Amino acid sequence: MEIDPPFRENIATAEDWRKALNKVVPAVVVLRTTAARAFDTEAAGASYATGFVVDKRRGIILTNRHVVKPGPVVAEAMFVNREEIPVHPIYRDPVHDFGFFRYDPDAIQFLSYEEIPLAPEAACVGLEIRVVGNDSGEKVSILAGTLARLDRDAPHYKKDGYNDFNTFYLQAASGTKGGSSGSPVIDWQGRAVALNAGSKSSTASAFFLPLERVVRALKLLQKGRDAVVNRWGAITIPRGTLQVTFVHKGFDETRRLGLQSETQQMVRHASPPGETGMLVVDSVPGGPAHKHLEPGDILIRINGEVITQFLKMEILLDDRVDQKIDLQIERGGTSLNVELIVQDLHSITPDYFLEVSGAVIHPLSYQQARNFRFHCGVVYVTEPGYMLFRAGVPRHAIIKKFAGEEISRLDDLIAVLSKLSRGARVPLEYISYMDRHRRKSVLVTVDRHEWYAPPQIYKRDDSTGLWTAKPALPPQSPLLASNYSFAPPTVLSGGTCESSPTPMERIHHGNNQDLTDGVTYMDTNYESDVGSKRRKVEEESSSDGTVIADSSLHEPTEENSRPTANANLIDYKGSPAAAANASLAERVIEPTLVMLEVHVPPSCMIDGVHSQHFFGTGVIVYHSQSMGLVAVDKNTVAISVSDVMLSFAAFPVEIPGEVVFLHPVHNFALVAYDPSGLGAVGASAVRAAQLLPEPGLCRGDAVYLVGLSRSLQATSRKSVVTNPCAALNIGSADCPRYRATNMEVIELDTDFGSTFSGVLTDEQGRVQAIWGSFSTQLKYGGSASEDHQFVRGIPVYAISQVLEKISCGTDGPALLINGIKRSMPLVRILEVELYPTLLSKARSFGLSDDWVQALVKKDPTRRQVLRVKGCLAGSKAENLLEQGDMVLAIDKEPITCFRDIEDACQALDKHGGVDELTMTIFRQGREMELVVGTDVRAGNGTARVINWCGSIVQDPHPAVRALGFLPEEGHGVYVARWCHGSPAHRYGLYALQWIVEINGNPTPDLDHFVNVTKELEHGEFVRVRTVHLNGKPRVLTLKQDLHYWPMWELRFDPDTAIWRRRTIKELDSLQYLRIF
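What counts and how
- Starting afresh in each chain, residues are numbered from 1 along the sequence in its written order.
- Given that the model is predicted, a residue must reach a pLDDT of at least 70 before its local features are reported, and side-chain atom pairs must reach 80 or more before they are shown or counted; all residues, however, enter totals for whole chains, interfaces and linings.
- To obtain the side-chain values, all non-hydrogen atoms of the structure were included, while hydrogens and water were left out.
- Helix numbers and strand numbers start at the N terminus; a helix is a DSSP run of H or I with at least 4 residues, a strand a run of E with at least 2.
- Areas reported as accessible are Shrake-Rupley estimates using a 1.4 Å probe. Residue values count occlusion only from the protein chains shown.
- To sort residues, take the accessible area from a 1.4 Å probe on protein chains only and compare it with the maximum for the residue type: under 20% means buried, over 50% means exposed, and anything in between is partly exposed.
- The directions from the helix axis to the C-beta atoms are what the arc is built from.
- Working rule for contacts: check all heavy atoms of both residues, and any pair within 4.5 Å makes them a contact.
- Criterion for a disulfide: a pair of cysteine sulfur atoms within 2.5 Å.
- Here an axis means a line fitted to C-alpha atoms, over the contact stretch when the element is a helix, while the angle between two N-to-C directions is reported on a 0 to 180 degree scale.
- Oblique is the label for any angle not covered by the other classes, which are roughly parallel (under 35 degrees), roughly antiparallel (over 145) and roughly perpendicular (65 to 115).
- Residues are grouped as follows: Ala, Val, Leu, Ile, Met, Phe, Trp, Tyr, Cys and Pro are nonpolar; Asp, Glu, Lys and Arg are charged; every other residue, Gly included, is polar.
- A pair is scored as a salt bridge if a Lys or Arg side-chain nitrogen falls within 4 Å of a carboxyl oxygen belonging to Asp or Glu.
- Among buried residues, those of type Ala, Val, Leu, Ile, Met, Phe, Trp, Tyr and Cys that are joined through side-chain atoms within 4.5 Å constitute a nonpolar core.
- Any two strands with at least two DSSP-identified bridges between them are counted as paired.
- Here a pair means two rings of Phe, Tyr or Trp (six-membered ring of Trp) with centres within 6.5 Å. Their orientation is stacked below 30 degrees between planes, edge-to-face above 60, and tilted elsewhere.
- Confidence of the prediction at every residue is given by pLDDT, a number between 0 and 100.

Looking now at the overall build of the chain. The secondary structure content of the chain amounts to 21 helices and 62 strands. For the chain, the exposed surface amounts to about 42100 Å²; the carbon and sulfur share of it is 50%.

If you want it as structure tokens, here you go:
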């Protein structure tokens, strides 16, 4: 090791550095990378880093491996004059932290620059250096330092991600930060002596990768490029491995490990002057050295040559791939000779993956095999996606068994998938490095709906730098069938399938926070996926039928199963054993209770839904031979784009349900299930509750609060109503989502806490209200907010009205439920948000005594008047009613509560042909009459979703319209979410805004949006004009990527009750060939 640098380098002047930097800075580029998929050690996302030109003629840029990424990546380089060009990966080292991008040199038209030469031999302790790069997001940053060490251990970034090994690093106190990854470490002559890789923020230390192996790789790339005319081909850089991690330990440490004195003397004599230690085996996860080498073994010779340095060992291995080598080691003082075959390092570095239901699965790489101490090649879950996450399979899991078959290779998993049909439930066994000694068993439910594209295999194409996709399953696979038979879900197993354990949440393991990889990630978290009401589910879905048979709820072969009070008292076989001290109400209502577990696919998190999974208690309100209906709050079933599982208190069975109705105002939804899935015994044990909408509850009434625990045990207590008409006032969340408005709820003196839901009944078990969950957001100073939930009673009169409409065969839209088409009701509402004001306050605003007396006479209990808080944007009332208006009467009838307005709207339906209300209002001291239109809303929720460039767009849902603003330019294309690693992520097309123009073409609604965007080509830059929720306009440019992010649409098909996915535009094979 050279301690003192040459004298000339110590006296470099400021002018010398100025000249060097003038030459270097133009060759340094800002790299903006987007990892389109999670793969191996890297997650999907967008980031920026640094690179520099090392070959101007061929167009080669050097940067870090963790910048080039091991998986699919799209990247651009921006030079110092802001010229931007696309770059493509040509090599990423399997172990060391370096990689190369290529670019077209002819694309740089306005900048004069030179390549930066590599001079690894110039690195020495005491050398003054400059780090030139994109530090902390700055376009150009120059940091000074002095090399302090040449033999630092490779930095350890995190235990479940990328880490370099089997190499020394250089260290200096230059204090680099995020974004400087890939920066050149230069000397005063403008030569790169090292490559910046990472830093330790607590000590301002920076870590630099030596360039010896970089120089070798660059020469091989240059040679390979010259061998092919006019284009890049796939270039192989030989890399050998024994799958052994070595560490460099001092001679004193090796002596304590058993190194013989004679061996130490021999090694010191044969090694370069200044050698301080030897290489010691640290770990052997598998491979050629497995069971031959052990931790603590001291390496003496390879092929008769003394080896004490990583570089010398690596040269020998890289030059002898697939050849035998002889190792001499000492183990506890005993000399041993081992003959091993050098393995091709690229053969244990995966270059393909399976994408299924959003999951990314591939063979375990050597990088992660070291981290987790598993063998390379086992089936590894980089990203669980939706289907596996629903089942509780975490990130970094190793799949061992699927559908009763052993899984040792990815082909085994694909073979099993090809035999499954939609809605099938199969057991899966996996192990995790966190609990490696025990297998865990879960049940995986194959997606029934087309939430995701069919399974695909992505394979890396080194000649283009892209990953090409092809179908993973044969065309005849049942999973690809477009027609589904409506039948209960099938459980496939190699043996008896036990119940699965509680699914795990995604676990983000703690990393070493002091170490950073030098990449600055874009702060793009405009919305939060973390809700306080997190739900665990293990979901199954039945397949769907195509029976077209119109039928009303009153079928000749069915009986309306709402039992009488006396019928509820009859015991029956198969019902749960009633507790000895259970109340009559609990015994009656228990067979009607259902636990619902709901999952929302990440690809369809629309309408501002704040979490992927929910659970809560519902009550059966209708049960017959052909259909069952469960009523539940909308904080459990928030949107129709979801998978629902029902567990019945009356009978131990789980079956899937389908969301068939979401009330546009009230906090309840209806979920349908197929009673045939219960079996004969289960269908007879389950019963519907008797609803008692009238008379309404009053203050002081005794009620029974009955619900289910997580173990499906009925729990009840007697409570007293303290307020039967408490008006809700829930503010809008940061990301607008459903919030209960214009509702009065029931408050009790005692309950079971904010997470317990159920029903309120009388002594005979008749349901008077649902004890449902409400979602809100609490603000904690500044902009901080936290999701919160509370429970209140929801009167059942609205549920009873909807059921009555279903039973009468309303003229609403038809929906296929369990193979029978049924008409679902439409709801007429006044799209105005109201709030109550005490009459004493109203009098202060000038309300006359006559109206005060009239309102008191109408409702002596409430003594209130309703005031307008705001109109929903786009509603018929928007330009008529104003904030602060007092609603006194409708059609001369005084109005004192929300239900009065609902009744007035429903009366319009009975008259037919009339959709306006004659309202008497009080505005700014004057009484006036207005004719205000009402709106009719269906209960199917959002039924169409489009994914363009990774942004999830939809029609603005009511929670957005309730803010009272829609852009004048067009309001039909609202960005609900964005996907990590997408163009929307890369260019900042975030949620909570409308897309009003594409390339100057207006997009007032989804149809116009599709017509405009489907004409755009792959790689085309698009000008997008947006308007944020706060009204702020913005124009951004976005580069369309049809290769990794095709445009698709998801629509609900009421004729089949299936969510159908349709690709609108993608990059076909001919376009791909034309590009390259």
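After presenting the structure, the write-up continues.
For the bond running from Glu-694 to Pro-695, omega is -5°, close enough to zero to count as cis. Positioned with a positive phi, Asp-891 is a non-glycine residue whose angle comes to about 50°. Tracing the chain through its elements places Asp-891 in the loop between β49 (886-890) and β50 (893-894).

In an α-helix, one turn spans 3.6 residues, which is why side chains three or four residues apart end up on the same side. Taken as a whole, helix α16 (residues 849-858) has its buried residues at Trp-851, Val-852, Leu-855 and Val-856. Looking down the long axis of α16, one finds its buried residues gathered within 135° of arc, a one-sided arrangement. Exposed residues pointing more than 90 degrees away from the buried face of α16 are listed as Asp-850, Gln-853 and Lys-857. Looking at the buried side of α16, the elements it contacts are α15 (839-844), β48 (864-871), β49, β50, β51 (916-923) and β52 (926-933).

Okay, the state of the cysteines next. Two cysteines, two sulfur atoms, one covalent bond between them: this is a disulfide. If you walk through the whole model with that rule in mind, you get zero disulfides. The cysteine Cys-698 is free of any disulfide, with Cys-725 supplying the nearest cysteine sulfur at 9.2 Å.

Helix α7 (residues 310-318) packs onto helix α4 (residues 212-226) with a crossing angle of 25° between their chain directions and a minimal axis gap of 11 Å. Between α4 and α7, the interaxial angle falls into the category roughly parallel. Judged by residue contacts, Glu-212, Arg-213 and Arg-216 of α4 engage Leu-311, Glu-314, Ile-315 and Asp-318 from α7. Taken together, the residues of the contact of α4 with α7 break down into two nonpolar, no polar and five charged.

This part covers the environment of Ile-186. Checked against the element boundaries, Ile-186 lands in strand β10 (residues 184-186). When near neighbours in sequence (up to four residues on either side) are disregarded, Ile-186 contacts Trp-17, Leu-21, Val-24, Glu-128, Ile-129, Arg-130, Val-132, Arg-191 and Ala-192.

As a further point, take the pattern of salt bridges. As enumerated under the stated definition, the model contains 63 salt bridges in all. One salt bridge connects Glu-406 with Arg-439, and the closest N-O pair in it is separated by 3.9 Å. In this pair, Glu-406 sits in strand β25 (residues 405-406) while Arg-439 sits in strand β27 (residues 435-445), placing the two residues 33 residues apart along the sequence. Residue classification places Arg-439 among the partly exposed positions, given a relative accessible area of 41%. We note a salt bridge from Glu-450 to Arg-1060, for which the minimum N-O separation is 3.4 Å. Taken together, the residues span a long stretch of sequence, with Glu-450 in the loop between β27 and β28 (456-461) and Arg-1060 in strand β62 (residues 1058-1065) at a distance of 610 residues. Shared partners join several salt bridges into a network, and the residues in it are Asp-93, Arg-213, Arg-216, Arg-239, Glu-314 and Asp-318.

Moving on: the side chain of Glu-314. One can find Glu-314 in helix α7. If we skip the residues at most four places from it in the chain, Glu-314 touches His-96, Asn-166, Arg-213 and Arg-239.

This paragraph deals with the nonpolar core. Formed by 54 residues in total, the largest nonpolar core has its most connected members in Phe-52, Leu-62, Phe-79, Phe-98, Phe-100, Tyr-103 and Leu-118. Dropping the residues within four chain positions of it, Phe-98 is found in contact with Leu-62, Thr-63, Asn-64, Arg-65, Tyr-91, Arg-92, Asp-93, Leu-195, Leu-209, Arg-213, Val-214 and Ala-217.

Glancing now at the pairing of β62. In the sheet, strand β61 (residues 1047-1053) pairs with β62 via seven bridges, with the strands oriented antiparallel. Directly across from Phe-1052, in β62, lies its bridge partner Trp-1059. What sits between the antiparallel neighbours β61 and β62 is a turn of four residues, in which Ala-1057 has the positive phi angle 60°.

Let's shift gears to the environment of Pro-427. Within the secondary structure layout, Pro-427 lies in strand β26 (residues 425-432). For Pro-427, a relative accessible area of 12% puts it in the buried group.

Moving on to the sheet that holds strand β35 (residues 643-648). Picture the strands of a sheet paired through backbone hydrogen bonds; they go either parallel or antiparallel. If you trace the six strands once around the closed barrel, you get β32-β33-β34-β37-β36-β35, paired in antiparallel fashion. The mean inter-strand angle of the sheet, taken between neighbouring strand axes irrespective of direction, is 40°. Pairing of strand β33 (residues 613-623) with strand β34 (residues 628-632), which is carried by four bridges, proceeds in the antiparallel orientation. In the strand pairing of β34, His-623 is matched with Gly-628.

Okay, the packing of helix α14 (residues 797-807) against helix α17 (residues 898-911) next. For any two helices packed against each other, the geometry is given by the interaxial angle and the distance between the axes. Where α14 contacts α17, the two axes come as close as 13 Å, and the packing angle between them is 10°. By the angle between their axes, α14 is roughly parallel relative to α17. Contact with α14, carried on its side by Tyr-797, Gln-801 and Lys-805, involves Arg-899, Glu-902, Asp-903, Gln-906 and Asp-909 of α17 and no other residues of that element.

Taken as a whole, this structure holds 24 aromatic pairs when the rule is applied. Seen from their ring centres, Phe-648 and Tyr-673 are 5.2 Å apart, and the 75° between their planes marks the pair as edge-to-face. One end of the pair, Phe-648, is in strand β35; the other, Tyr-673, is in strand β37 (residues 669-673), and 25 residues separate them in sequence. You'll find Phe-648 and Tyr-673 in the same group, each marked buried.

Right, let's get into the confidence of the model for the chain. It should be kept in mind that the predicted coordinates are not to be read in detail where pLDDT is low. Per-residue confidence for the chain averages 87 on the pLDDT scale, and 88% of its residues sit at or above 70. Note on residues 1-9: pLDDT is under 50 here. Beyond four places in sequence and across chains, it has 20 contacts. Of the regions scoring below 50 in pLDDT, residues 485-577 engages in 283 contacts with residues more than four places distant in sequence or in other chains.

A few words on the environment of Val-132. Within the element layout of this structure, Val-132 appears in strand β7 (residues 128-133). Considering only alpha carbons, one finds Val-132 and Gly-182, 50 residues apart in sequence, at a separation of 9.5 Å. The residues touching Val-132, leaving out its near neighbours within four places in the chain, are Leu-21, Val-24, Val-25, Val-28, Thr-50, Ser-141, Ile-142, Ser-183, Pro-184 and Ile-186.

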